[in-house]
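Read off the chains here:
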Amino acid sequence: MKNQQLTILFLGGARRVSLAELLKRSGKRIGYDVKIVSYDLSEDVPISLVAKVVSGLRWDDPRVVDDIQRVVCEYNVNAILPFVNGAIEIASICRDMMPDVFVPVTDFEIASNLFDKVEAAKSFKEAGLPIPRTYSVLNAQVPAIAKPRKGGSSRGIHIFRNMGDLMHLNDLKNYLLQEYIENHKEYTVDCYISKTGEILVTVPRERLEIMGGESTRTRTCRNEILEELSREVVEKFSLRGPVNLQFLHDLDADRYLLMEVNPRLGGGVICSIYAGAPISDYIIKETLGEEVNPCRDWASGTLMARYFKEAIFFELNDI
């Protein structure tokens, strides 16, 4: 008997080839052929190796939601997954406009606040969550780290070890200014929260090597403190769907600090899925309206090391 078809639309899925393959594999296990369509600015992106790429509009284009709605209808889309910050707000709008499509995202207002690092830090502090000391221009101390309040992938970050250099940073008001912790380890926690709000899985992993803000080498690890902190963050911000949380472990003071909340799938989630966290299964099953169950038996010590693989595109000559 031929498998039924399920279509998932990636928003900004340009490099998420491995995840597309895992979603296809999850679908096949339960009798569905999963088709991936990716909405990107250009068609010559790596995801085209395993998906149909639709060349679309920028996230800030006022026509983008209508254009995505067109793609949803044209390709009979069953679920939408955003992969970049700008797409998350768009996805939350699509969820409200397209109730028949499964869109596992956090509410628009919450997500929007989390993408402004200054406002996010205020929200974390008000919620009683542990964060690094956060400075204003008047009470700044060094060493300090300045992060652009908008944007990601570790772009535009500055570390200052003397006040003179710090005061010469242009547009300081457009940065989040915090204490810089020299002796530290970085962690991500991959979470999935069901559409009913149940926390199904939380998998901490240490970020061993990072390039462009993403883990190129990472290992899962059991850490009760991080798992409990993650559940607290999820509950306080009413997060939904796939979420990755960024923490820093201050080794000198032995304290765990919340750095960022990203209400989307992170690139390193592949490691957690191979460790046994059934996140790709959750997405397929919730799309189909099937029951999902919490997972606690994922494997600690699962190491993921990434490598580069090329996607080649040839220019078609007129005949």
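Everything discussed here concerns the structure shown above.
Let us look at the structure shown here. Small disclaimer: the values here were computed from a predicted structure and weren't measured.

**Examining the pairing of strand β10 (residues 214-220)**
(1) Moving on: A large share of β10 lies buried, amounting to five of its seven residues.
(2) Moving on: With six bridges joining them, strand β9 (residues 199-211) and β10 adopt antiparallel strand pairing. When the sheet's bridge partners are listed, R207 is paired in β10 with T218.
(3) Moving on: Counting the residues that bridge the hairpin from β9 to β10 gives two residues, and of these G212 lies at a positive phi of roughly 60°.

**Brief notes about the environment of C221**
(1) Moving on: Within the secondary structure, C221 sits in the loop between β10 and α7 (224-236).
(2) Moving on: Using a relative accessible area of 17% as the deciding quantity, one classes C221 as buried.
(3) Moving on: It is 25 Å that separates the C-alpha atoms of C221 and F308, two residues lying 87 residues apart in sequence.
(4) Moving on: Setting aside its immediate chain neighbours within four residues, C221 contacts Y187, P204, R205, E206, W298, S300 and G301.

**Observations concerning the sheet that holds strand β5 (residues 144-148)**
(1) Moving on: Taken in spatial order, the three strands of this open sheet run β6-β5-β7, and their pairing is antiparallel. Where the open sheet ends on each side, the last strands, each with one partner, are β6 (158-160) and β7 (175-179). This sheet shows a mean twist of 25° between the axes of neighbouring strands, independent of strand direction.
(2) Moving on: Relative to β7, β5 runs antiparallel, the two being bridged by five bridges. Counted as the bridge partner of A146 is L177 from β7.
(3) Moving on: Against the sheet, helix α5 (residues 117-126) touches β5 and β7, its axis set at about 45° to β7.

**Concerning a nonpolar patch on the surface**
(1) Moving on: A surface patch of nonpolar side chains, about 220 Å² in accessible area, is lined by I93, M97 and F108.
(2) Moving on: Mapped onto the fold, F108 is located in helix α4 (residues 108-114).

**Here we look at the packing of helix α2 (residues 64-74) against helix α3 (residues 85-97)**
(1) Moving on: At their nearest, the axes of α2 and α3 sit 10 Å apart, and the two run at 60° to each other. By the angle between their directions, the pair α2 and α3 is classed as oblique. Note that α2 runs across α3; the crossing there is right-handed. Contact residues: α2 offers V64, V65, I68 and Q69, while α3 offers I90, I93, C94 and M97.
(2) Moving on: Looking at the contact of α2 with α3 residue by residue, the class counts come to seven nonpolar, one polar and no charged.

What counts as what
- Residues numbered from 1 in each chain as written.
- Predicted model: local features only at pLDDT ≥ 70, side-chain atom pairs only at ≥ 80, totals over all residues.
- Heavy atoms only, no water.
- Buried < 20%, exposed > 50% of the residue type's maximum accessible area, 1.4 Å probe, protein only.
- Helix = DSSP H or I, 4+ residues; strand = E, 2+ residues; numbered from the N terminus.
- Pairing = 2+ DSSP bridges.
- Contact = heavy atoms within 4.5 Å.
- Axes fitted to C-alpha atoms, helices over the stretch in contact; angles between N-to-C directions.
- Patch = residues over 30% accessible without salt bridge, like charges linked within 9 Å, V, L, I, M, F, W, Y side chains within 5 Å.
- Areas by Shrake-Rupley, 256 points an atom, 1.4 Å probe, with all protein chains shown as cover.
- Salt bridge = Lys/Arg side-chain N within 4 Å of Asp/Glu carboxyl O.
- Parallel < 35°, antiparallel > 145°, perpendicular 65-115°, else oblique.
- Left-handed = near helix turned anticlockwise from the far one by under 90°.
- Nonpolar A, V, L, I, M, F, W, Y, C, P; charged D, E, K, R; others polar.

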